[in-house]
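Remarks on the overall topology
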Amino acid sequence: MHVLYEKLTSQENRSLEERKITAETVAKLARELNEQVILVNSLFILGKIANNERNPDNTNKYLKEARSISRNLGDVFLEAETELILSEYYRLMVNKPDSALISAKRASSIGYALNDSILIMNAGFNLVSAYTSLHDPISAIRTAKTTLNYCENNKGMRANIYSQLVIVYRDAGDLRESIKYQELALEIAEESKNYYAIASIHNGMATSKAQLREFETAIEHHKTAIDIYSKMKDSFGIAYSYNMLGTTYLSAKRSSEAMKCFQEAINRFAKIGSHQQMAFAQSNLAMEYMNVGRVDDAKMYVNSAIKNSEFINDKLSMSDAYATAGRYYSIKGMIDRSIVFLMKAVQCAKEINNPIMLQSVYEQLSDSYDRKGDSKNALIFLQLKNAITDTIARQNAQRAYIEMLVKYETGKIKKEATEAKGNLNQLKAETKRNTILLVVVIVVSVTIFSLILFFYWKKISNFFYRYGYLSRKPFNDARNVKAVFSVINKEIPEAIHVDKETSDQLVAKLKKVMDEEKLFLRSDLILSDLAKSLRTNTAYLSRVINDEYEMNFSNFLNKYRIEEAQKLIENRKLEVMTFEGIAKSCGFLSRSSFNQAFKKFTGMTPTEYSQKIDLEKI
């Protein structure tokens, strides 16, 4: 089994089918031998493969089991990796952006707890994507700006974030800003030869150009995306691009070409079993048949769209299919049946918080009830539709305010950076002058000291002669050691003493930096650093710590660190952090030193203390 596992982890360049077979074999053996670590890694790989194959059932099955086992093992890093793939699965394969957001937040919290920039970046991207799907542009923009701070040296991730900002700004109606981020993302993707990203960006640019009514340019972008996906033999990408191209043809009022694209998309989605996207394409084709007066031809596609969306219980495609069915039955004059499907569309749109869909369906419902002669319900749904219109208008105004605020903050940061750079140059010049002055002072001091030695050499020689016998006797003799201290005590009549007022002031400062600034969290903190921050010397500080706390500096630090660790354990941080993570976050260099100190100050190991806390909370 271990040989197969090593083979599995080194198969990155082999086909997905080979990796899947090997992973399934390793997972089966790991279950039989109860090798949990190998099992969870095998399940994680199987989940990734299923996600790449667009197989929602297997993706869900493998990744949820991998997450459960990794939590039991306390492997938070693998748990975070699993949450990332689950977030992508929820968002792209089953259209559950709320679940995608939960998984992404979990991965993000682990990333920050471990201070892992790669995890933070990937989780940040998934968070932005989820917020975008949930129509929360403000949160999406804020998260994107924060995540970009971690992407300075990662062009690929910057391109991914730019691509999400493209969608956010496009949905907000700021097409120029959207295109700006598309061009930035495309430049990075072309430089790194990331063809999947290039194709995706071309589809996005096509959508923006179509909204600007630059239809010919938009069509060329879609065709470029199709060519790239075709070269890579990406069936899903090709089908998705055809569906988008059909939508652009519709906007350009080129109905026959649009219908051909929708049919091509349907055929390709059917081959790969993508029910969600197939339902969208079928709804699009049905709507166009109705637009050109071929209502009877639309029926088959309406029913197929409903069937495919209900098969995977995908609320977004279901709401779209039900709204299309409502339109179909309304045209056929079957108003009551139309209302039934429109109400189903309302329910689905509410579940996924899709105000755009609700706005459209409420308008259809108002029209249907009006045709039925029910003016009361017609008015109710018209009011609901207008309320959503007003809400969207307020959101757009808020969005504009947020963007203006972001621009202001960005400008302010740039100004502060420029001022800081000027201050830094000034500080460098002052430091250079001070260094030269210090060198001059040292040279003068050495010269003066040399002159003093020269003039008082005879007296100094007599001093060394008086105590010279100490250097001529073995130092390991206890009597000689005693004699040394008697001489030292004659020359230094009293040990270091700190008066009460100075001691109290130093203790107050010490408590402040430890309680408020928490300097003890620094794993590299030494006595001289702490003394420097308190503007005192090490001798005074050491004396105060010994007198006030009756312990040396090392135990003093560890006392604060253990108290911090106890707080983390009591606040259930173990749900997102391992004991090793807690140890490092509290300033310990290793788990072993943490355990020793914890036992010394609490009389229990960290595990025993955690169990005690859990029992107390029951």
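Residues numbered from 1 in each chain as written. Predicted model: local features only at pLDDT ≥ 70, side-chain atom pairs only at ≥ 80, totals over all residues. Heavy atoms only, no water.

We now examine unusual backbone geometry. Non-glycine residue Lys193 carries a positive phi angle of around 55 degrees. Along the chain, the position of Lys193 falls in the loop between α10 (175-192) and α11 (195-211). In this structure, Lys253 is a non-glycine residue whose phi angle is positive, near 60 degrees. Looking at where Lys253 falls in the secondary structure, it is placed in the loop between α13 (235-251) and α14 (255-272). (Helix = DSSP H or I, 4+ residues; strand = E, 2+ residues; numbered from the N terminus.)

Turning our attention to helix α9 (residues 155-171). Given a rise of 1.5 Å per residue, 17 residues ought to cover 24 Å, and the 25 Å separating the end C-alpha atoms of α9 matches this to within 8%. In this structure Asn154 caps α9, since a side-chain oxygen of it lies 2.9 Å from the backbone nitrogen of Met157. In the stretch just after α9, Gly173 is the one whose phi turns positive, near 90 degrees. (Expected span 1.5 Å × (residues − 1). Polar contact = N/O pair within 3.5 Å; in protein donor to acceptor, adjacent residues only side chain to side chain.)

The next subject is the packing of helix α12 (residues 215-231) against α13. Contact pair α12 / α13: the axes reach a minimum separation of 9 Å and the direction vectors enclose 170 degrees. Here α13 runs roughly antiparallel to α12, going by the angle between their axes. Of the residues in α13, those in contact with Phe215, Ala218, Ile219, His222, Lys223, Ala225, Ile226, Tyr229 and Ser230 of α12 are Gly237, Ile238, Ser241, Tyr242, Met244, Leu245, Thr248, Tyr249 and Ser251. Among the residues forming the contact of α12 with α13, the class breakdown is 11 nonpolar, six polar and one charged. (Axes fitted to C-alpha atoms, helices over the stretch in contact; angles between N-to-C directions. Parallel < 35°, antiparallel > 145°, perpendicular 65-115°, else oblique. Contact = heavy atoms within 4.5 Å. Nonpolar A, V, L, I, M, F, W, Y, C, P; charged D, E, K, R; others polar.)

In this section: the confidence of the model for the chain. As a note on interpretation, predicted positions should not be read in detail where pLDDT is low. Summary statistics for the chain give a mean pLDDT of 80 and a share of 83% for residues scoring 70 or more. By mean pLDDT, helix α22 (residues 478-491) is the weakest element of the chain at 39, and α12 is the strongest at 94. In this model, residues 405-410 is a region of pLDDT below 50 whose contacts with residues beyond four sequence positions or in other chains number two contacts. (pLDDT = per-residue confidence, 0-100.)

Applying the stated criterion to the full structure yields 17 aromatic pairs. Here the aromatic rings of Phe236 and Tyr240 are separated by 6.2 Å at their centres, their planes lie at 10 degrees, and the arrangement is stacked. With Phe236 and Tyr240 both in helix α13 and four residues apart, the pair spans about one turn of that helix. The rings of Tyr322, Tyr328, Tyr329 and Phe341 are connected pair by pair, giving a single aromatic cluster. Across from the ring centre of Tyr329, 4.9 Å away, lies the NZ or CZ of Arg337, which sits over that ring. (Phe/Tyr/Trp six-rings, centres within 6.5 Å; stacked < 30°, edge-to-face > 60°. Lys NZ or Arg CZ within 6 Å of the ring centre and 35° of its normal.)

This part covers the side chain of Asn243. Within the secondary structure, Asn243 is located in helix α13. Residue Asn243 is classed as buried on the basis of its relative accessible area of 7%. Leaving out residues up to four positions away in the same chain, Asn243 has contacts with Phe262, Ala265, Phe269, Phe280, Ala281 and Asn284. (Buried < 20%, exposed > 50% of the residue type's maximum accessible area, 1.4 Å probe, protein only.)

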